[in-house]
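Each chain, letter by letter, is given below.
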Amino acid sequence: TYVVTCTDVAGNTGSATKSFSTLTCGAAAGGGGGGASKPKVNSVDEIKPGAATVVKYTDPTLGVKQIGIEVTSPAQNVKITVTKYDGKPADVSVAKTGKVYQYLQIAAQNLGTNLDKASVLFKVEKSWVSGNGLDKDKVSVYKFDESSGKWSELQTTFSSEDNTHYYYDAEVSSFSYFVISEKTLAAGEGTDSTGQAPPAAKGTSLTWLWWVLIAVVIVLAIWWMMRKK
């Protein structure tokens, strides 16, 4: 509900009240763009080479539990931001096929080119896995490649589990958009963890039809010759 009150130069005052309600929800995968949650930000005063610096996230609905960061040279005032989306982010041109658990964006500030590698511990609710008829080994993490506009499957390793979640390790050399989903790729969508694209669907061979036509022609030729005799 909002109220607007106006007063003119003569001192006359008037007001109006208006009430309305709205329901906000994310767009489905493949739509114009999924709604983003409030970004979760972790700040680190300094990250030094030689050992991983671990930043942790406590939001139970976020698909990331922690990120271990290793650098090639010192970095100060680093901020690591994780944002989850209800559907395909607007900046991602290709929706992930298969059953999708969560789209995510991981971004770094003040890290520059100092990132050596990062180990991300993703998490997935067990109820989502079982509810979609999947096994824990049929879940994987994909990274969006902005240059090619395709998804690349990360080497995703099952790490552990508790009463509510499965946990998966994946190593990255840069941050971008990610998706946790069913382990599947459509032709032309991207590459699997070995770097191979899924094979294109095979067309139906029509060789048998040619043999049938040849046989029909032979039969008709024999019938015509016998009829002439």
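Anyway, here's the lowdown on the structure attached to this text. Given the structure is predicted, the values throughout are model-derived calculations rather than measurements. (Residues numbered from 1 in each chain as written. Predicted model: local features only at pLDDT ≥ 70, side-chain atom pairs only at ≥ 80, totals over all residues. Heavy atoms only, no water.)

### Topic: the overall build of the protein chain
Counting its secondary structure elements, the protein chain contains 2 helices and 14 strands. Taking all 229 residues of the protein chain together, 32% fall into the buried category. Summing over all exposed atoms, the protein chain offers an accessible surface of approximately 14,100 Å²; the carbon and sulfur share of this is 54%. (Helix = DSSP H or I, 4+ residues; strand = E, 2+ residues; numbered from the N terminus. Buried < 20%, exposed > 50% of the residue type's maximum accessible area, 1.4 Å probe, protein only. Areas by Shrake-Rupley, 256 points an atom, 1.4 Å probe, with all protein chains shown as cover.)

### Thoughts on the sheet that holds strand β4 (residues 53-56)
Where strands meet in a sheet, backbone hydrogen bonds hold them as pairs that are either parallel or antiparallel. The sheet built from 5 strands is open, its strands ordered β4-β5-β8-β12-β11 with antiparallel pairing. The open sheet has two free edges, formed respectively by β4 and β11 (157-161), since each of these has just one partner strand. Averaged over all pairs of adjacent strands, the angle between strand axes in this sheet comes to 20°, irrespective of strand direction. (Pairing = 2+ DSSP bridges. Axes fitted to C-alpha atoms, helices over the stretch in contact; angles between N-to-C directions.)

### Digging into the packing of aromatic side chains
Applying the stated criterion across every chain yields a total of 7 aromatic pairs. Both rings, one in Tyr-103 and one in Trp-151, keep their centres 6.1 Å apart while their planes meet at 50°; by these two values the pair is tilted. Pair noted here: Tyr-103 is in strand β7 (residues 100-109) and Trp-151 is in strand β10 (residues 150-153), with a separation of 48 residues, a long-range link. Of the two residues examined, Tyr-103 and Trp-151, each falls in the buried class. With centroids separated by 5.1 Å and ring planes inclined at 65°, the aromatic side chains of Phe-144 and Trp-151 adopt a geometry described as edge-to-face. (Phe/Tyr/Trp six-rings, centres within 6.5 Å; stacked < 30°, edge-to-face > 60°.)

### Regarding the sheet that holds strand β13 (residues 177-182)
As summarised here, the arrangement of the 7 strands in space is β3-β6-β7-β13-β9-β10-β14, forming an open sheet in which the pairing is mixed. Strands at the two margins of the open sheet, each flanked by one partner only, are β3 (40-47) and β14 (190-191). Alignment of strand β6 (residues 75-85) against β7, held across 7 bridges, turns out to be antiparallel. Within β7, the position partnered with Lys-84 by the bridge is Leu-104.

### Some remarks on the nonpolar core
Most often, soluble globular proteins keep nonpolar side chains buried together rather than apart. In terms of nonpolar packing, the biggest core is built from 35 residues, with Ile-67, Phe-122 and Phe-175 touching the most fellow members. A per-element tally of this core places strand β8 (residues 115-125) first, with 5 residues. Setting aside anything within four residues of it in sequence, one finds Phe-122 in contact with Gly-63, Val-64, Leu-104, Val-141, Tyr-166, Tyr-167, Tyr-168, Ala-170, Phe-178 and Ile-180. Among the nonpolar cores identified, the runner-up in size contains 9 residues, and Tyr-85, Tyr-142, Val-179 and Leu-185 belong to it. (Core = buried A, V, L, I, M, F, W, Y, C linked by side-chain atoms within 4.5 Å. Contact = heavy atoms within 4.5 Å.)

### A word on unusual backbone geometry
Unlike most non-glycine residues, Asn-77 shows phi in positive territory, near 50°. Residue position: Asn-77 is located in strand β6. Of note, Asn-110 is a non-glycine position whose phi angle comes to about 65°, a positive value.

### Let's talk about the environment of Gly-112
Inspection of the secondary structure puts Gly-112 in the loop between β7 and β8. Between the alpha carbons of Gly-112 and Val-78 there is a distance of 9.5 Å; along the sequence they are 34 residues apart.

### Notes on the pairing of β8
Relative to β8, strand β5 (residues 64-71) is paired through 7 bridges, and the arrangement is antiparallel. Of the residues in β8, the one forming a bridge with Ile-69 is Ala-118. Pairing geometry for β8 and strand β12 (residues 165-172), over 8 bridges, is antiparallel. Looking across to β12, one finds that Ala-118 is bridged to Val-172.

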